[in-house]
Amino acid sequence: MFYREAGQFRTSYGQDSQIFPLRQDRFAMLALLAVAVVVIPYIASDYWLRALLIPWLIFSLVALGQNILTGYAGQLSLGSAGFMAVGAFACYNFMLRVDGMPFLVAVVLSGLCAAGVGIAFGLPSLRIRGLYLAVATLAAQFFIVWALDKFGWFKNNDPSGVITAQPIVILGYAFNTAQEKYLIVLAIVAGLALLAKNMARGATGRAWMAVRDMDVAAEVMGLPLMRTKLQAFAISSFYCGVGGALFAFAYLGTVEPSAFTIDLSFRILFMIIIGGVGTILGSFLGAGFILLLPIFLSVLFHAVFGQTVDASLISAVELIVFGALIIIFLIVEPHGLARMWQLTKERLRLWPFPH
Amino acid sequence: MFNVGIGRTLRGLMAAAVVAGVSLAPSLAQAQAKEQYFGIPSYRVGAFAAGGSGFFGGIIDYLQYVNMKEGGVNGVQMVWAECETEYNAARGVECYQRLLKRGDQQMHIFEPLATPIAYGVLNRVDDDKVVLTQYGYGRSDAADGRVFPWVFSTMTSYWSQISAKLNWIATKEGGVANLKGKKIAHLYLDSAFGREPLPVMRRLAKDWGFELIEIPVAAPGIEQQAQWLRVRQERPDWITLWGFGAGMNSTAITSAARTNFPREKMVGVWWAGSEEDVLPAGEAAKGYFAAANVPSGKNFPLVQDIEKVVYGAGKGNLSDPKRIGNIYWNRGVTAGIFWIEAVRNGQRIANKRGQTLNGDEMRAGFEALDLTPARLKALGIEGMLPSFKLSCSDHEGSGSVKIIQWDGAKWNIVTPDWVSSDRKMIREMVEESAAKYAVEQKITPRKC
Amino acid sequence: MAGFQFFLEVLVGGLLSGVMYALVALGFVLIYKASGVFNFAQGAMVFFAALSFVGFMELGAPFWLALPITIGLMALLGLGIERFVLRPLVNQHEITLLMATIGLTFVIEGVAQLVWGVEVRRLDLGIKDQPLPWLADNAGLFISQIDIFAAVVAAILVATLSLVFSRTKVGRALRAVADDHAAALSIGIPLKRIWALVWAISGVVALVAGMLWGARSGVQFALVFVALKALPVLIIGGFTSVPGVIVAGLIVGAAEKLAEVYIGPSVGGGIESWFPYVLAILFLLVRPEGLFGEKIIRRV
């Protein structure tokens with residue numbers, strides 16, 4: 001009933017190849033963006049913005065990068081936290097050492113640095129695949145964190161070994177409050193998500209998916225395997241790097257290299273698996289799930305059991321419930337949240353008819 | 001089809017539940033007037049849970065004690081809420097935001113006992129008017145209250161601690177002059193924490209003439225073969241152990257036993273000097289020294305009173321009452337004491353006896369912390385803390401430690417008097433570092 | 001100290017460390033070999049096993065009673081995992097299964113901390129963590145007794161498992177299942193029973209690893225991280241080879257220690273965190289499936 005497609009004709013190739021071919025979808029997307037840009041900064045509390053929305057957007061971006069590499073190109077990688085670290089520290093150093101460097105340029109440059117590192121550590125993928133590649137990318141993770149930690153130059157020889165991000169100033173306007181930081185992060189993430197969606201739908205994405213499904217056949221068909229794989233690593237690391245820069249500048253503020261742990265890399269992998277491997281929407285949904293569910297559990301248990309039960313027990317139960325929910329969720333829908341959404345949309349298109 | 005049905009229902013339920021649940025967050029029980037609210041970002045699971053549960057348990061037990069024994073501070077009851085951070089920066093920041101406001105009250109002291117979390121909220125405490133305390137960890141240069149008005153490294157930062165430890169080693173060797181030509185190895189967790197004392201050590205190595213050997217251990221440090229083989233090769237006279245987590249610390253001690261390195265020549269940082277760190281090493285830990293900013297033990301009147309009043313009424317926070325008097329718990333109790341003294345001072349200074357304090361008043365109260373020997377005795381903790389005083393520019397206060405030694409069953413205090421650091425040198429380094437930070441971050445130091 | 005003697009000590013120390021890593025990696029290999037699942041929860045299982053063992057001893061059971069109880073518990077855990085986590089996910093993509101074992105990690109860690117508490121515990125195996133006296137006196141080499149004991153235990157374990165896999169009927173069934181589930185089913189091998197058996201054995205291997213590591217470093221949460229040390233061993237040895245695990249463990253252990261001692265100081269030390277992984281990459285470039293792993297044949 002809502003998704004009546006009757007009467008929507010597409011009369012040009014441009015119309016046919018839109019991201020949202022249905023008018024209802026376009027409307028929904030625009031409404032969502034309008035709410036995100038106009039309504040949320042006014043009604044959301046500081047807690048919602050600083051602790052929930054901003055990290056969700058940032059981790060969605062990093063999960064996007066991970067999805068490009070693992071979901072679309074099929075290269076299982078566990079180095080995303082390392083590339084985030086490269087992005088964060090590169091951005092800090094660009095802002096520090098180049099006078100008058102605009103923030104957005106620094107972010108792009110730091111993404112490019114991360115892309116370079118990504119290519120270097122992606123070289124083994126030309127020979128190794130599957131789980132072996134995943135563990136090999138852990139080398140990237142550990143090495144990058146070790147190098148950033150060891151050489152004081154990256155941290156401007158700070159005695160405590162941390163970097164303190166400079167304030168974000170674009171065209172003379174300082175982005176200091178939570179609302180302003182949220183808007184800048186939203187803008188960057190939305191832009192890059194759109195870019196990723198188009199890449200995935202185009203020839204680039206198709207090349208990646210060919211490599212993922214059967215790389216020998218892809219090579220036989222004439223796809224340049226090395227270029228495609230390294231391109232996937234580069235773009236994925238670019239996204240992770242930009243995410244890392246935002247992580248340091250718009251979220252935490254002060255960051256040390258060992259904040260980018262292997263635990264973080266694994267969490268990013270979880271996000272795309274739960275969200276839906278090989279989908280753009282899945283990155284956002286998965287990031288929300290992994291980020292928000294533990295918080296929700298924590299709030300729930302403290303509210304219900306609060307003063308009566310030992311806090312250590314509550315914390316342990318949170319862990320158990322979180323793990324159990326992941327398992328149950330995977331049993332119910334192994335393809336992730338994005339697939340659930342897709343199935344919902346399919347039924348919505350037919351509703352109220354069953355078929 | 002079946003899958004889709006279940007999946008959708010599940011998803012719908014979860015979505016509804018998330019919305020409902022998170023909107024619960026701000027509406028935790030409304031705080032009454034005549035209550036001072038504290039947010040406690042504890043970690044009770046994970047690798048450091050043993051220490052965390054002890055420390056935060058100690059704080060809560062002291063707050064409970066003050067409520068029960070004295071009816072609060074001038075009639076103002078202490079209330080608190082906990083949030084699990086898992087020693088993780090992102091969770092810690094979320095806990096900070098969640099604990100910040102409770103009804104119409106706001107928390108004004110935040111002690112995460114975790115360097116990554118302290119750094120994660122460092123930039124916000126100024127605007128939120130929250131006193132960030134780094135009890136014996138974090139940025140050593142936060143001792144300069146002019147550059148870090150809302151950050152306190154009470155009491156004794158890493159720089160002060162290593163200075164005091166080296167002073168003690170010097171006395172054991174018979175004087176600073178005897179250290180010339182000796183070797184001191186710094187065995188540390190390869191992180192910012194482990195590297196923190198190096199600037200002081202390098203400087204003193206030059207001044208005093210001893211050779212400093214730096215031996216890093218990659219995290220998590222449960223495997224130290226290579227490092228101890230280096231120790232065997234270098235044969236240092238002393239080892240300063242700067243480890244974190246029972247795995248690294250107990251492994252260091254057992255490795256020392258395996259390579260026949262005398263434990264009496266090892267002095268650990270206080271994160272390497274708790275019961276949890278030495279227990280797994282068993283016999284091997286006998287004779288091992290550590291620095292303590294707060295010694296362990298139950299022979300302090302306050303500790304005994306808390307056990308009687310709070311645990312007697314069944315309101316103790318530790319699930320295992322045998323841990324009363326352990327180092328982390330004692331440290332927690334003293335942290336609670338700082339908070340209560342701050343509230344007391346704040347009420348007195350702002351002339352708000354019996355009323356709730358706001359952020360500026362709480363900070364003023366904290367800066368007025370003046371623990372004279374008489375006050376320590378009145379509180380029942382004589383010998384547990386050194387006598388010290390904070391001020392606008394000095395946010396550290398003390399710089400003294402006690403050296404303790406493990407005898408196989410408990411920690412014994414080896415230095416009945418407090419071992420002091422070289423306060424002048426440390427303050428010089430602190431001010432230099434803080435000034436550099438101020439320039440880099442474009443902060444104007446306040447006048448004190 | 002003589003240069004060569006020192007080198008020998010580093011080498012032997014490294015080899016023995018490698019044995020400890022191999023013990024943990026063994027659990028991974030068993031499960032991957034039989035069911036194609038990368039059991040991320042192995043580290044948590046090591047932790048849980050050691051914790052339960054010490055927990056039972058604290059509750060009063062003597063050593064010789066606590067051991068079979070814990071073995072039984074781990075076997076039960078393995079059965080439970082196979083029944084409730086793996087069976088519903090039986091034909092899913094390997095990434096989904098990986099994720100499920102990650103969820104399992106949280107559950108096991110949470111249960112361990114819930115049931116047994118978070119305090120650190122001592123594990124006393126009755127063997128002192130002291131250097132062997134006659135080696136120390138005669139050759140000047142300090143090699144810990146626990147390390148030697150661990151090496152012996154590991155050798156026995158590996159030998160037993162290798163024999164089981166190659167000589168017994170059950171072992172052959174396990175290999176058949178690992179090769180092709182459908183084919184194994186079609187000739188009548190009881191798949192679910194085999195998987196349950198493998199998970200149970202893996203749980204027992206986790207207990208052995210947990211006890212040895214716990215005796216060395218104390219039973220506490222950091223035991224979970226030993227799994228990270230086992231990953232390079234798995235890569236170099238191949239995910240599906242039991243003897244490969246030992247060989248790879250020795251290589252990783254020795255190389256890691258030698259690198260840390262000889263190369264480490266010139267780059268600031270602490271290279272143990274990434275060196276084994278870089279080593280693994282180098283090995284993989286020559287043999288992409290690990291030294292002893294099965295060659296994966298890709299058909300177009």
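Just so you know, these numbers come straight off a predicted model, no measurement behind them.

### Let's talk about the overall build of chain B
Step number 1: Helices and strands together make up the secondary structure of chain B, namely 16 helices and 17 strands.
Step number 2: What you see for chain B is a C-alpha radius of gyration of 23 Å, in line with the 22 Å of a compact globule of 448 residues.
Step number 3: Looking at chain B as a whole, 60% of its 448 residues qualify as buried.
Step number 4: Within chain B, residue pairs in contact and separated by at least 24 positions form 70% of the contacts whose partners lie at least 6 positions apart.

### Concerning the overall build of chain C
Step number 1: Within chain C, the regular secondary structure consists of twelve helices and zero strands.
Step number 2: Each helix and strand of chain C, ordered N terminal to C terminal, gives the series α-α-α-α-α-α-α-α-α-α-α-α.
Step number 3: For 300 residues, the compact-globule formula gives about 19 Å, and the C-alpha radius of gyration of chain C, at 20 Å, lands near that figure.
Step number 4: Considered along the principal axes of its C-alpha atoms, chain C spans approximately 65 × 55 × 35 Å.
Step number 5: Counting over 300 residues, chain C shows a buried share of 55%.
Step number 6: Long-range pairs, those at least 24 residues apart, make up 74% of the contacts in chain C between residues at least 6 apart in sequence.

### Examining the environment of G138 of chain B
Residue and element names in this part refer to chain B.
Step number 1: Within the secondary structure, G138 sits in the loop between β6 (131-133) and β7 (151-152).
Step number 2: The exposure class of G138 is buried, given the 29 C-beta atoms found within 10 Å.
Step number 3: C-alpha of G138 to C-alpha of L113: the two residues are 25 residues apart in sequence and 8.9 Å apart in space.
Step number 4: In this structure G138 touches T115, A118 and S153, once residues within four positions along its chain are discounted.

### With respect to the interface of chain A and chain C
Step number 1: Counting residues at the interface gives 36 residues for chain A and 38 residues for chain C.
Step number 2: Of all the secondary-structure elements, those providing two or more residues to the side of chain A that touches chain C are α6 (131-150), α9 (215-221), α11 (262-275) and α13 (311-332) of chain A.
Step number 3: The class makeup of the residues in the side of chain A that touches chain C is 32 nonpolar, two polar and two charged.

### Quick word on the confidence of the model for chain C
All names here are of chain C.
Step number 1: Residues of chain C with pLDDT of at least 70 account for 97%, and the chain-wide mean is 85.
Step number 2: Per-residue pLDDT, averaged within each element of chain C, yields its smallest value for helix α5 (residues 133-139) (70) and its largest for helix α2 (residues 42-58) (91).
Step number 3: Note on the complex model: pTM 0.88, ipTM 0.84.

### Remarks on the packing of helix α2 (residues 23-43) of chain A against helix α7 (residues 178-201) of chain A
All names here are of chain A.
Step number 1: The N-to-C vectors of α2 and α7 enclose an angle of 165°; their axes lie 10 Å apart at closest approach. Between α2 and α7, the interaxial angle falls into the category roughly antiparallel. Crossing angle aside, the handedness with which α2 passes α7 is right-handed. Between α2 and α7, the residues in contact are A36, V37 and P41 and Q179, Y182, L183 and L186, respectively.
Step number 2: Classifying every residue of the contact of α2 with α7 by side-chain character gives six nonpolar, one polar and no charged.

### Thoughts on the nonpolar core
Step number 1: Core analysis: the largest hydrophobic core is formed by 382 residues, its most contacted members being C91, A136 and A248 of chain A together with A25, V46 and A50 of chain C.
Step number 2: The dominant element in this core, judged by the number of residues it contributes, is helix α1 (residues 3-35) of chain C, at 17 residues.

### A word on the domain arrangement of chain B
Note on interface size: it is often stated as the accessible area lost on association of the parts.
Residues and elements named next belong to chain B.
Step number 1: Domain assignment breaks chain B into domain 1 (26-156 + 299-398 + 422-448) and domain 2 (159-292).
Step number 2: Taking only C-alpha atoms into account, the centre of domain 1 sits 29 Å from that of domain 2.
Step number 3: Facing the 16 residues of domain 1 at the interface are 17 residues of domain 2.
Step number 4: The set of elements that each furnish at least two residues to the side of domain 1 that touches domain 2 consists of α2 (49-70), α13 (327-349) and α16 (423-441).
Step number 5: Here the side of domain 1 that touches domain 2 takes three residues from α16, the largest share from any one element.
Step number 6: Residue composition of the side of domain 1 that touches domain 2, by class: eight nonpolar, six polar and two charged.

### Thoughts on helix α3 (residues 89-100) of chain B
For an α-helix the count is 3.6 residues per turn, leaving residues at separations of three or four pointing the same way.
Step number 1: Under the 1.5 Å per step criterion, the end-to-end length of α3 of chain B is 16 Å for twelve residues, consistent within 8% with the ideal 16 Å.
Step number 2: With respect to burial, α3 of chain B is a largely interior element, twelve of its twelve residues being buried.

### Some details on the pairing of strand β12 (residues 289-292) of chain B
All names here are of chain B.
Step number 1: On β12, burial covers both faces: F289 and A291 on one face and A290 and A292 on the other are all buried.
Step number 2: The pairing of strand β11 (residues 266-268) with β12 spans two bridges and is parallel. The residue bridging V267 from the neighbouring strand is F289, located in β12.
Step number 3: Where β12 meets strand β15 (residues 400-406), four bridges bridge the pair, whose relative direction is antiparallel. Bridged to A290 within β15 is I404.

### Regarding the interface of chain B and chain A
Step number 1: Taken residue by residue, the interface counts 43 residues in chain B and 37 residues in chain A.
Step number 2: Taken together, the elements giving at least two residues each to the side of chain B that touches chain A come down to α1 (2-24), β2 (77-84), α3, α4 (115-121), α7 (192-195) and α16 of chain B.
Step number 3: In terms of residue count, the dominant contributor to the side of chain B that touches chain A is α1 of chain B (eleven residues).
Step number 4: Within the side of chain B that touches chain A, the residues separate by chemical class into 19 nonpolar, twelve polar and twelve charged.

### Here we look at the packing of α1 of chain C against helix α9 (residues 191-217) of chain C
Residues and elements named next belong to chain C.
Step number 1: At a minimum axis distance of 9 Å, the contact between α1 and α9 shows a crossing angle of 175°. Our classification of the angle between α1 and α9 gives roughly antiparallel. For the pair α1 and α9, contact is made by M20, L23, V24, L26, G27, L30, I31, A34 and S35 and by I194, W195, V198, W199, I201, S202, V205, A206, V208, A209, L212 and W213, respectively.
Step number 2: Considering only residue class, the contact of α1 with α9 consists of 18 nonpolar, three polar and no charged.

### As for α1 of chain C
All names here are of chain C.
Step number 1: Between its first and last C-alpha atoms α1 spans 47 Å; for 33 residues at 1.5 Å apiece the expected length is 48 Å, and the two agree.
Step number 2: Considering bend angle alone, the principal kink of α1 is centred on A25 and spans about 30°.
Step number 3: Directly after α1, the chain includes G36, whose backbone phi takes a positive value near 70°.

### A word on the environment of W213 of chain C
All names here are of chain C.
Step number 1: Structurally, W213 can be placed in helix α9.
Step number 2: Along the primary structure W213 and I108 are separated by 105 residues, whereas in three dimensions their C-alpha atoms are 18 Å apart.
Step number 3: When neighbours within four sequence positions are excluded, W213 is seen to be in contact with M20, V46, L223 and V226.

### As for unusual backbone geometry
Leaving glycine aside, a negative phi is the common case for residues, and trans is the common case for peptide bonds.
Step number 1: Cis geometry marks the peptide bond from W351 of chain A to P352 of chain A; its omega dihedral reads 5°.
Step number 2: For P352 of chain A, the location among the structural elements is in the segment after α14 (337-350).
Step number 3: The backbone phi angle of L171 of chain A is positive, close to 55°, even though this residue is not glycine.
Step number 4: Here L171 of chain A shows up in the loop between β2 (168-170) and β3 (173-175).
Step number 5: The phi angle at R235 of chain B is positive, at roughly 50°, despite the residue not being glycine.
Step number 6: Relative to the helices and strands, R235 of chain B is located in the loop between α9 (225-234) and β10 (238-242).

### Some words on the sheet that holds β7 of chain B
Residue and element names in this part refer to chain B.
Step number 1: Reading across from one edge, β5-β6-β7 is the order of the three strands in this open sheet, with parallel pairing throughout. Each edge of the sheet is formed by a strand with only one pairing partner; in this case those strands are β5 (109-110) and β7.
Step number 2: Relative to β6, β5 runs parallel, the two sharing two bridges. Across the sheet, the residue bridging to I109 is V131, located in β6.

### Let's talk about the confidence of the model for chain B
All names here are of chain B.
Step number 1: Across chain B, the average pLDDT comes to 86, with 93% of residues at 70 or higher.
Step number 2: For residues 1-7, every residue scores under 50 in pLDDT, and the model assigns this stretch seven contacts once sequence neighbours within four places are set aside.
Step number 3: Taken as a whole, residues 21-31 scores under 50 in pLDDT and shows 23 contacts with residues more than four places along the chain or in a different chain.

### Focus on the environment of A184 of chain C
All names here are of chain C.
Step number 1: Tracing the backbone shows A184 in helix α8 (residues 181-186).
Step number 2: Its 19 C-beta neighbours within 10 Å are what place A184 among the partly exposed residues.
Step number 3: Sequence separation of A184 and P62 is 122 residues, and the distance between their C-alpha atoms is 43 Å.
Step number 4: In this structure, A184 is in contact with A176, V177, I189 and L191, ignoring residues within four places of it in sequence.

Calculation criteria
- For every chain, the first residue of the written sequence is number 1, and numbering continues from 1 along that sequence.
- Whichever chain is written first becomes A and whichever ligand is written first becomes 1, with later ones labelled in order.
- Given that the model is predicted, a residue must reach a pLDDT of at least 70 before its local features are reported, and side-chain atom pairs must reach 80 or more before they are shown or counted; all residues, however, enter totals for whole chains, interfaces and linings.
- Only runs of H or I of at least four residues qualify as helices and only runs of E of at least two qualify as strands under DSSP, and these elements are numbered from the N terminus.
- Atoms counted for the radius of gyration: C-alpha only. Globule rule: 2.2 Å times the number of residues to the power 0.38.
- In this scheme the burial state of a residue depends on its C-beta neighbours within 10 Å: 20 or more other such atoms mean buried, 12 or fewer mean exposed, and anything in between means partly exposed; the C-beta positions come from the backbone.
- Two residues form a contact once the distance between their C-beta atoms, set from the backbone, is within 7 Å.
- Under the scheme applied here, ten amino acids are nonpolar (Ala, Val, Leu, Ile, Met, Phe, Trp, Tyr, Cys and Pro), four are charged (Asp, Glu, Lys and Arg), and all others, including Gly, are polar.
- Residue-level confidence of the predictor is summarised by pLDDT, bounded by 0 at the bottom and 100 at the top.
- Axes here mean lines fitted to C-alpha atoms, for a helix over just the part in contact, with angles spanning 0 to 180 degrees between N-to-C directions.
- For classification purposes, an angle smaller than 35 degrees is called roughly parallel, one larger than 145 roughly antiparallel, one from 65 to 115 roughly perpendicular, and anything else oblique.
- Note on convention: the crossing is left-handed when the near helix lies turned anticlockwise from the far helix by less than a right angle, right-handed when the turn is clockwise.
- In plain words, the nonpolar core is the set of buried Ala, Val, Leu, Ile, Met, Phe, Trp, Tyr and Cys residues that C-beta atoms within 7 Å link up.
- Boundary definitions for the domains trace back to an automatic or database domain assignment.
- By definition here, a helix of n residues has an expected span of 1.5 Å times n minus one.
- Strand pairing is defined by DSSP finding a minimum of two bridges between the two strands.
- The seven residues ending at a residue and the seven starting there each receive a fitted axis; the angle between those axes is the bend at that residue.

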